Amino acid sequence: MSHTTTGTEPTQPPPGDDTAFFGQPRGLMTLSGLEVWERFSFLGMQAILVLFFADKVSDGGMGMEPGTAASVSAAYGTLVYLVSVAGGWLADRILGSYRAVLYGGILIACGHYAMAVPTATMTWVGLGLISAGTGLLKPNVASMVGKLYSTEDSRRDAGFALYYMGINIGAFAGPLVTGWLGDHASWHWGFSAAAFGMTLGLIQYVAGRRHLAGRKHSAEYALAPDAMRRAVLLIVAGVVVAALVATALVLAGWLTIDRFVDVLTLISVIAPVVYFVVMFRSPRVTPEERGRLRPYIVLFLASVVFNFILFQAYSTMMLLASTNARTEIFGFHFPASWYASALGAFEVALAPVVAAVWARMGPRQPHASNKIAIGVILGGLSFLLMVLPTSGHADDTYRMAAWWIVGSYLLLGLGDILLETSGMSATTKLAPKAFASQTMALWFLSLALANGIQAQIVKLYGEVSNPAYFGVNGAIAVAAGVAVIAAAPWLKRTMHPVH
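Attention here is on the structure that accompanies the text. Values in this document were obtained by computation on a predicted structure and should not be read as measured data.

## Topic: the overall build of the protein chain
1) Next: A count of helical and extended segments in the protein chain gives 17 helices and 4 strands.
2) Next: A compact globule built from 499 residues would reach a C-alpha radius of gyration of about 23 Å, and the protein chain, at 22 Å, matches this within 12%.
3) Next: Oriented by its inertia axes, the alpha-carbon framework of the protein chain measures out at about 70 × 55 × 45 Å.
4) Next: Looking at the 499 residues of the protein chain, the share that counts as buried comes to 51%.
5) Next: Of the roughly 21,800 Å² of accessible surface on the protein chain, 68% is carried by carbon and sulfur atoms.
6) Next: The average position of the 31 basic charges and that of the 26 acidic charges among the side chains of the protein chain differ by 10 Å.

Here is the structure:
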């Protein structure tokens, strides 16, 4: 690895960094630490967001109906992942990964601090800032992890495993802190904890910047100076015009929350359709690559179905836990939002077990498409499980045992491990070379579409019975997983070189 310099600042980490973190580059500690705190703040806030929306105004909430609260929460997720597509482009063409992550983290922290102010206006401002910041940070941290290794480095997979463990540690710890503060102090104290966590993440990111590969480099595929100036001007002008138009429509009474949710859902549907059409028609895509895109559409849709269920762990499942689940285990009382921590805990515990099973099975392990299908089926079963404790009650005053929701999250966590790892790997291998740098964008579009669909379907929560809601959605997911398994012979034939 070369160690060139620009002035007195190194563009590559010191040579001694290469094995300083459990045999991994020391920069991995910096990036994993950032993700711990980013997920702490993001999922910590998300665990209490839908409860804050649904809580009475007199108790510090927004006073929304449960279905509306879940829909708005899902729309926020849609916006985050749609912006992530633009965030990857901005890093590639204008900012560079290091600055994109830094600026994104600053916006996220400012957004959480804004949400700590107990006014409705600052809540919406905060959510907007967090969406923009997460869109800059999320797609670029993973690419910075990749830059710590050469393509031949055998430690790459183990490094990403440590990195994803950091993500899940943050996902476990965040709801514990924000949930306790939201329950015992106020929702806005919970948002303050998320702000504090993101601030800590930024401090350690900047403090460890010398250990990051290529941190002084400009954008990897930077635009020419004139084109960059035009792009920046167009972006700034576009943001200003969009803000002015949105403000005018709000003041005119046309742009309501429901209509904004509908617009985001529409965009989440159109964007991936356009993306796939462009790839299929591009002259830079070879016939062989075009053939691999067809099976990828199946996997893309499987990801949408699974994540439609997964994201409800922070919306309808939180609402169900707050109204119809016991918040006590062995005499210990806890906030309903703590259930969200179970998902992160299961993923931390199960990820190494799954990795060990695949390693032991070697070439006998299931094909990637079957792993994804099993993940989708487990997601559906996590919802079907909820039919049992929600059925046979005369009214809605019942309280189910905590183990029902914990069991549902166990199935969901295992499904997430199977689908996300195989899905991301398949995305990088099946995407055409001409679009290789945009593979993360393609994956984020599946997450945006899942949230966009969720934003519409969750409006039914509270309008239909809980057994019907969880039963129908769970059954559809199981059927989708079975359909992918049925298509396995064709998928195996057309997905080469994915095994």
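## Examining unusual backbone geometry
Only a minority of non-glycine residues have a phi that is not negative, and only a minority of peptide bonds are not trans.
1) Next: One non-glycine residue with positive phi stands out, namely Phe-330, at about 55°.
2) Next: Its location among the elements puts Phe-330 in the loop between β3 (328-329) and β4 (332-333).
3) Next: In this structure Phe-330 comes out as exposed when scored by relative accessible area, which is 80%.

## A few points about the side chain of Asn-140
1) Next: Positionally, Asn-140 belongs in helix α4 (residues 120-146).
2) Next: A distance of 2.6 Å separates the side chain of Asn-140 from the backbone oxygen of Leu-136, its partner in a polar contact.
3) Next: Those residues in contact with Asn-140 that lie beyond four places of it in its chain are Gly-87, Gly-88, Ala-91, Ser-97, Ala-100 and Val-101.

## Considerations on the packing of helix α1 (residues 27-54) against helix α3 (residues 97-115)
1) Next: For the pair α1 and α3, the least separation of the axes is 12 Å and the interaxial angle reads 35°. Of the two possible hands of crossing, α1 and α3 adopt the one that is left-handed. Where α1 abuts α3, its residues Leu-34, Glu-38, Ser-41, Phe-42, Met-45 and Leu-49 lie against Val-101, Ile-108, His-112 and Met-115.
2) Next: Here the residues of the contact of α1 with α3 are counted per class, giving 7 nonpolar, 2 polar and 1 charged.

## Some points on the nonpolar core
1) Next: Membership of the largest hydrophobic core comes to 100 residues, with the highest contact counts inside it found for Met-45, Tyr-339, Ile-405 and Tyr-409.
2) Next: In terms of residue count, the dominant contributor to this core is helix α14 (residues 402-430) (11 residues).
3) Next: Sequence-distant contacts of Ile-405, defined by excluding residues within four places in its chain, comprise Met-317, Ala-321, Ala-325, Tyr-339, Met-386 and Met-400.
4) Next: In this structure, Val-141, Ala-142, Val-145 and Ile-167 belong to the second largest nonpolar core, which totals 23 residues.

## Let's talk about the packing of α1 against helix α10 (residues 316-324)
1) Next: Put simply, α1 and α10 touch, their axes get as near as 9 Å, and they point 65° apart. As α1 packs across α10, the resulting crossing turns out to be right-handed. The residues of α10 that touch α1, namely those facing Ala-47, Val-50, Leu-51 and Ala-54, are Met-318, Leu-319 and Ser-322.
2) Next: Split into classes, the residues belonging to the contact of α1 with α10 amount to 6 nonpolar, 1 polar and no charged.

## A look at helix α11 (residues 339-361)
1) Next: Along its 23 residues, α11 runs 33 Å from first to last C-alpha, staying within 8% of the 33 Å computed at 1.5 Å per residue.
2) Next: Along α11, the residues classified as buried are Tyr-339, Ala-340, Ser-341, Ala-342, Leu-343, Gly-344, Phe-346, Glu-347, Leu-350, Val-354 and Trp-358.
3) Next: Directly beyond the C-terminal end of α11, a positive phi value near 60° is found at Gly-362.

## Section: the packing of aromatic side chains
1) Next: Summed over all chains, the structure comprises 19 aromatic pairs.
2) Next: A centroid spacing of 5.2 Å and a plane angle of 90° characterise the contact between Phe-276 and Phe-300, whose relative ring orientation is edge-to-face. Of this pair, Phe-276 sits in helix α8 (residues 257-281) while Phe-300 sits in helix α9 (residues 287-310), and the two are 24 residues apart along the sequence. There is no split in this pair, since Phe-276 and Phe-300 are both buried.
3) Next: Seen from their ring centres, Tyr-461 and Phe-470 are 6.3 Å apart, and the 75° between their planes marks the pair as edge-to-face. Residue Tyr-461 shares its accessibility class with Phe-470, and that shared class is buried.
4) Next: Counting every residue linked through ring pairs, the aromatic cluster contains Phe-52, Phe-53, Trp-124 and Phe-191.

## So, the environment of Ile-372
1) Next: Of note, Ile-372 is situated in helix α12 (residues 368-384).
2) Next: Along the sequence, Ile-372 and Ala-426 sit 54 residues apart, while their C-alpha atoms lie 10.0 Å from each other.

## Things to note about the side chain of Glu-38
1) Next: Positionally, Glu-38 belongs in helix α1.
2) Next: With residues near it in sequence (within four places) discarded, Glu-38 still touches Ile-108, Thr-134, Leu-137, Lys-138 and Met-198.

## Quick word on the environment of Asn-324
1) Next: If you trace the backbone, Asn-324 turns up in helix α10.
2) Next: We classify Asn-324 as buried; its relative accessible area is 4%.
3) Next: What Asn-324 contacts, discounting residues up to four positions off in sequence, is Asp-396, Tyr-398, Arg-399, Met-400 and Asn-466.
4) Next: In this structure the side chain of Asn-324 is engaged in a polar contact, spanning 2.9 Å, whose partner is the backbone oxygen of Asp-396.

## Concerning the pattern of salt bridges
1) Next: By the definition in use, this model includes 6 salt bridges.
2) Next: As a salt-bridge pair, Asp-226 and Arg-229 come within 2.2 Å of each other at their nearest N and O atoms. Of the two residues, Asp-226 and Arg-229 are both situated in helix α7 (residues 225-251); the distance of 3 residues between them amounts to about one turn of the helix.
3) Next: Accessibility expressed as a relative area gives 46% for Asp-226, which makes it partly exposed.
4) Next: Of the charged contacts, one joins Arg-292 and Glu-288 as a salt bridge, the two residues approaching to 3.3 Å between their closest N and O atoms. Residue Arg-292 and its partner Glu-288 are both found in helix α9; the two are separated by 4 residues, about one turn of the helix.
5) Next: For Arg-292, a relative accessible area of 13% gives the class buried.

## Looking at α8
1) Next: Here α8 is 25 residues long and its end C-alpha atoms lie 36 Å apart, about the 36 Å a rise of 1.5 Å per residue gives.
2) Next: What α8 keeps buried is the set Val-261, Leu-264, Thr-265, Ser-268, Pro-272, Tyr-275, Phe-276 and Met-279.

The rules behind the values
Residues numbered from 1 in each chain as written. Predicted model: local features only at pLDDT ≥ 70, side-chain atom pairs only at ≥ 80, totals over all residues. Heavy atoms only, no water. Helix = DSSP H or I, 4+ residues; strand = E, 2+ residues; numbered from the N terminus. Rg over C-alpha atoms; globule rule 2.2 N^0.38 Å. Buried < 20%, exposed > 50% of the residue type's maximum accessible area, 1.4 Å probe, protein only. Areas by Shrake-Rupley, 256 points an atom, 1.4 Å probe, with all protein chains shown as cover. Lys, Arg positive; Asp, Glu negative; His and termini not counted. Charge placed at Lys NZ, Arg CZ, Asp CG, Glu CD. Polar contact = N/O pair within 3.5 Å; in protein donor to acceptor, adjacent residues only side chain to side chain. Contact = heavy atoms within 4.5 Å. Axes fitted to C-alpha atoms, helices over the stretch in contact; angles between N-to-C directions. Left-handed = near helix turned anticlockwise from the far one by under 90°. Nonpolar A, V, L, I, M, F, W, Y, C, P; charged D, E, K, R; others polar. Core = buried A, V, L, I, M, F, W, Y, C linked by side-chain atoms within 4.5 Å. Expected span 1.5 Å × (residues − 1). Phe/Tyr/Trp six-rings, centres within 6.5 Å; stacked < 30°, edge-to-face > 60°. Salt bridge = Lys/Arg side-chain N within 4 Å of Asp/Glu carboxyl O.

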